[in-house]
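# Coordinates in review
What follows is the residue order along each chain.
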Amino acid sequence: MMLYKKVTALSILLFGFLLLNGCQENSRDQVLLTKESQLDIRSIQTRAFDTLDREATLRSVMSTLQDLSFVIEKADFVLGSVTGTKFFKDGAVHVPIKMTVIVRKRNKNQVLVRANAQYGISAIEEAAPYLDFFTNLEKSLFLTAHKVD
């Protein structure tokens, strides 16, 4: 009788895991459902800046995200990535907005900054959030370059 209860409990647990796994979105299907071409989205998400100081750019990215009410979750200066999250109230539900920004050298005179934002589990394809981020980042980089606090 004891073995039967253990097998039943294990079966229920296994079924629960399978059920949760079945609810997961397929990222490949999600990419194929985008309205914009990947090239158009990448052009909205990416900007080049005339600086060689990748670390200062990463610090400006962090400051910009914080100014936009994001809480920094991860920052890796070796990889050149920063991830922040903020919550948007959608009715009675708070939906996370996550932004990951990658900074890498483009050539000997520039760094390339690419931002990727998600609303819940969906990629943000509209230009406005990226434009807002990059406008604020440009101001931050200008102020940093001219040593204005």
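Shown above is the structure to which this text applies.
This text gives an overview of the structure that appears in the document. Sequence order as written defines residue numbering, which begins from 1 separately in each chain. Where local features are concerned, this predicted model is filtered to residues with pLDDT of at least 70; where side-chain atom pairs are given and counted, the filter is 80 or more; whole-chain, interface and lining totals use all residues. Side-chain numbers here rest on the full set of heavy atoms in the structure, without hydrogens or water.

## What about the nonpolar core?
For the purposes of this section, nonpolar cores are sets of buried Ala, Val, Leu, Ile, Met, Phe, Trp, Tyr and Cys residues that join through side-chain atoms within 4.5 Å. The buried label applies to any residue whose accessible area, calculated with a 1.4 Å probe on protein chains only, is under 20% of its type's maximum; exposed applies above 50%, and partly exposed to all values in between. V61, V113 and F133 are the most contacted members of the largest nonpolar core, which totals 22 residues. Each helix corresponds to a stretch of at least 4 residues labelled H or I by DSSP, and each strand to a stretch of at least 2 residues labelled E; elements are numbered beginning at the N terminus. Only α4 (54–67), β4 (93–105), β5 (111–119) and α5 (127–145) provide two or more residues apiece to this core. Top element by residues in this core is α5. It accounts for five residues. Note on definitions: a residue-residue contact is assigned when non-hydrogen atoms from the two residues lie within 4.5 Å. Apart from residues no more than four positions distant in its own chain, F133 is found in contact with V61, T64, L65, L68, M99, V101, V113 and A115.

## As for the pattern of salt bridges
By convention in these notes, a salt bridge is any Lys or Arg side-chain nitrogen within 4 Å of a carboxyl oxygen on Asp or Glu. Scanning all chains against the criterion turns up two salt bridges. Ionic pairing is found between R59 and E55, a salt bridge with its closest N-O pair at 2.7 Å. Taken together, the residues span about one helical turn, with R59 and E55 both in helix α4 at a distance of four residues. Owing to a relative accessible area of 44%, R59 belongs among the partly exposed residues under this scheme. Relative accessible area serves as the criterion here: at 42%, E55 is assigned to the partly exposed category. Notably, a salt bridge pairs K98 with E73, separated by 3.5 Å at the nearest N-O pair. With K98 in strand β4 and E73 in strand β2 (residues 71–76), this residue pair connects regions lying 25 residues apart in the sequence.

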